[in-house]
Amino acid sequence: MLRRALQLGLGRGLLGRRLGTHRGGSTLGKVEGSGGYRGSWVAPVSSYVTFRTRDPAHDGKTVGRLGEGDQNGKMSEIKKKIQSVLPGGAWNPPYDTSYLPPEHSDVVIVGGGVIGLSVAYWLKRLEKPRGAIRVLVVERDHTYSQASTALSVGGIRQQFSVPENIQLSLFSEYLAVVDDPPLDIQFNPSGYLLLASEKGAAVMESNVKVQRQEGAKVCLMSPEQLRNKFPWINTEGVALASYGMEYEGWFDPWCLLQGLRRKVQSMGVLFCHGEVTRFVSSSSHTETTSGEEVTLKRIHEVHVKIDRSLEYQPVECALVINAAGAWSGQIAELAGVGKGPPGTLQGTKLPVERRKRYVYLWHCPQGPGLETPFVVDASGAYFRREGLGNNYLGGCSPTEEEEPDPGNLEVDHDFFQDKVWPPLAQRVPAFETLKVRSAWAGYYDYNTFDQNGVVGPHPLVVNMYFATGFSGHGLQQAPAVGRAVAEMVLDGHFQTINLNPFHFSRFYLGEKVQEHNII
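Because the structure is predicted, anything quoted here is derived from the model rather than measured.

**Remarks on the confidence of the model for the protein**
Thinking step 1. In this model, the protein carries a mean pLDDT of 84, and residues with pLDDT of at least 70 account for 80%.
Thinking step 2. Low pLDDT, under 50, characterises residues 20-69; the stretch is placed with 70 contacts to residues that sit more than four places away or in other chains.

Written out as structure tokens, the structure reads:
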């Protein structure tokens, strides 16, 4: 019965719950100035009759007139400015609050990476009427120096085993900002080449069948066909290969991030550089149809600690989108997710945590060359071409026992020597002579339950929605995920792609989404 209750509980939409903040009611239609939202109070018009402009019809004369109070105020301001430049004069700069977030926002998106920006974009694009929803994006790392988006290798593929993952990537086949001129994201349509051993050949064949059913253009290749097309590959131990022939390859994530950011700003989305440190919420108790008592929570206020400051700003809101990536588990915990008896829905945590992954860049003049696809070996090691100067980048996900400390982004160069280089050199003999030039580390928002995304509302924290946990394939699926979350918020259900299997409730119900192609 609880399972049924959970399914019914997912049908609520933002419109059905009346969009608005807790104390201030709906913020729709309130005044927003260039300095950010500061409440709905507006000064009397008589205070603002001071205006000067040039008009050819008036031969350059001043249009409008100054009231007596405004003249006195103007003179006072001039005296203050003169005094400030005189020796010994006091200088009292105005208190700048433009860096603070607004006091009210209909939707607060925690996380300003590509997924968070995509959610913001689709909320604004699908809103009715235009300008109906105020959206605030809070990003803790304004340089994106630790953001998964910026540190990604930028791959895009349809070669998944789960239909929903294939559909998400197919939706993103044109990585761009909709309704804007095409972005130069330096897309390399060289395809993905996945290699399978004898043990994995049957699974690969089954996966390709599903991919084709969903509309992906993928072909299977025998070892002989593989050698003919890519003569630089050693096919020893390869029983079968799958090759993406359309809309697969890699691109520059930074270009997509900046393009999306510019677009959403032009649509009126607000940004704040800060860290969410607290949620203020109310609680109510109810029973499921099976008689189990549960506590429902609703967030009314988000506390944002301002970057490099001890200040924080409370932001009243109607909805929170958790798109915090590798930090989304901590954000969920702040909202009370998982704080309950073990084995209950109340005690079910968001199983998303930081996992560190290394990327190595090497030079190899005798390497595969310009026709190199994004190669994923049966061992798990991967590589692709980087630029046109015989450079390549790649890596390999560690085993559970080898997981490095995620507390920093330092690179373990021994990992390349011991775990990455040997399988790559065995697969591409030219890589025996490669020279590593640089390396970096980034974070996966790793879903420890089944390595797939979490999309949609929390069943008990009723106005927190998730867009996280993609475990390495979130960047390529961001356009579709953003639309899916916006549809759920605005309409109460998914429309373009049915992502019900990715709901939070599966963690409590134990229903894993079994994706075989996690890299």
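Picking up where we left off.
**With respect to the pairing of strand 8 (residues 270-287)**
Along any regular strand, the residues point their side chains to alternate faces of the sheet.
Thinking step 1. Note: strand 2 (residues 135-139) against strand 8, 4 bridges, orientation parallel. Of the residues in strand 8, the one forming a bridge with Val-137 is Phe-271.
Thinking step 2. The sheet contact formed by strand 8 and strand 9 (residues 293-306) spans 13 bridges and is antiparallel. When the bridges of strand 9 are listed, Val-280 appears paired with Glu-301.

**Some thoughts on the pairing of strand 11 (residues 352-363)**
Thinking step 1. In terms of burial, strand 11 is a largely internal element, 10 of the 12 residues being buried.
Thinking step 2. Sheet topology note: the strand 11/strand 15 (residues 435-447) ladder contains 12 bridges and is antiparallel. Bridge pairing in strand 15 places Arg-355 opposite Tyr-444.
Thinking step 3. Here strand 11 runs beside strand 14 (residues 391-395); their pairing, made up of 4 bridges, is antiparallel. If you follow His-363 over to strand 14, its bridge partner there is Asn-391.

**Some remarks on the nonpolar core**
Thinking step 1. Counting residues in hydrophobic clusters, the biggest one holds 50 residues, and the most contacted among them are Ile-109, Leu-123 and Val-455.
Thinking step 2. Of all the secondary structure elements, the ones that give two or more residues to this core are strand 1 (104-110), helix 3 (114-126), strand 2, helix 8 (253-266), strand 10 (312-322), strand 17 (464-468) and helix 11 (474-491).
Thinking step 3. Per element, the largest residue contribution to this core is 10 residues, and it comes from helix 11.
Thinking step 4. The contacts of Val-455, once residues within four sequence positions are left out, are Phe-466, Phe-470, Val-481, Ala-484, Val-485, Phe-494, Leu-499, Phe-502 and His-503.
Thinking step 5. Core analysis: the second largest hydrophobic core is formed by 33 residues, Val-138, Cys-317, Ala-324 and Phe-504 among them.

**Concerning the packing of aromatic side chains**
Thinking step 1. For the structure shown, the criterion picks out 21 aromatic pairs.
Thinking step 2. Arranged with centres 5.1 Å apart and planes meeting at 80 degrees, the rings of Tyr-121 and Trp-122 form a pair that is edge-to-face. Note on accessibility: Tyr-121 and Trp-122 belong to one class, buried.
Thinking step 3. When the centroid spacing of 6.4 Å and the interplanar angle of 65 degrees are considered together, the rings of Trp-250 and Phe-374 count as edge-to-face. Of the two residues, Trp-250 sits in strand 7 (residues 249-250) while Phe-374 sits in strand 12 (residues 374-376), which places them 124 residues apart along the sequence.
Thinking step 4. Using a relative accessible area of 3% as the deciding quantity, one classes Trp-250 as buried.
Thinking step 5. Among the aromatic residues, ring-to-ring pairing joins Phe-230, Trp-232, Tyr-243, Tyr-358, Tyr-360, Trp-362, Phe-383, Tyr-392, Phe-415, Phe-416, Trp-421 and Phe-431 into one connected group.
Thinking step 6. It is Arg-157 that lies over the ring of Phe-160; its NZ or CZ is 4.0 Å from the centre.

**Here we look at helix 3**
Thinking step 1. Over its 13 residues, helix 3 runs 18 Å from end to end, which matches the ideal 18 Å to within 8%, given 1.5 Å per residue.
Thinking step 2. Where burial is concerned, most of helix 3 is hidden: 11 out of the 13 residues are buried.
Thinking step 3. Those residues of helix 3 that sit buried are Val-114, Ile-115, Gly-116, Leu-117, Ser-118, Val-119, Ala-120, Tyr-121, Trp-122, Leu-123 and Lys-124.

**Section: the pattern of salt bridges**
Thinking step 1. One pass over the full model with this rule turns up 11 salt bridges.
Thinking step 2. Residue Glu-127 pairs with Lys-124 through a salt bridge whose shortest N-O separation is 3.2 Å. The residues Glu-127 and Lys-124 share a single accessibility class, namely buried.
Thinking step 3. Here Arg-427 and Asp-377 are joined by a salt bridge, their closest N and O atoms 2.7 Å apart. Placement of Arg-427 in helix 10 (residues 413-427) and of Asp-377 in the loop between strand 12 and strand 13 (382-385) is noted, with a sequence separation of 50 residues between them. Both residues of the pair, Arg-427 and Asp-377, count as buried.

**Some points on the packing of helix 3 against helix 8**
Thinking step 1. Remark: helix 3 packs on helix 8, axes separated minimally by 10 Å, with the N-to-C direction vectors making an angle of 30 degrees. Classified by the interaxial angle, the pair formed by helix 3 and helix 8 is roughly parallel. Along this stretch, helix 3 crosses helix 8, giving a crossing that reads as left-handed. Residues Val-114, Leu-117, Ser-118, Ala-120 and Tyr-121 of helix 3 form the contact with helix 8, whose participating residues are Leu-256, Leu-257, Leu-260, Arg-261, Lys-263 and Val-264.
Thinking step 2. Its residues assigned to classes, the contact of helix 3 with helix 8 shows 8 nonpolar, 1 polar and 2 charged.

Reading guide: rules and limits
Residues numbered from 1 in each chain as written. Predicted model: local features only at pLDDT ≥ 70, side-chain atom pairs only at ≥ 80, totals over all residues. Heavy atoms only, no water. pLDDT = per-residue confidence, 0-100. Contact = heavy atoms within 4.5 Å. Pairing = 2+ DSSP bridges. Helix = DSSP H or I, 4+ residues; strand = E, 2+ residues; numbered from the N terminus. Buried < 20%, exposed > 50% of the residue type's maximum accessible area, 1.4 Å probe, protein only. Core = buried A, V, L, I, M, F, W, Y, C linked by side-chain atoms within 4.5 Å. Phe/Tyr/Trp six-rings, centres within 6.5 Å; stacked < 30°, edge-to-face > 60°. Lys NZ or Arg CZ within 6 Å of the ring centre and 35° of its normal. Expected span 1.5 Å × (residues − 1). Salt bridge = Lys/Arg side-chain N within 4 Å of Asp/Glu carboxyl O. Axes fitted to C-alpha atoms, helices over the stretch in contact; angles between N-to-C directions. Parallel < 35°, antiparallel > 145°, perpendicular 65-115°, else oblique. Left-handed = near helix turned anticlockwise from the far one by under 90°. Nonpolar A, V, L, I, M, F, W, Y, C, P; charged D, E, K, R; others polar.

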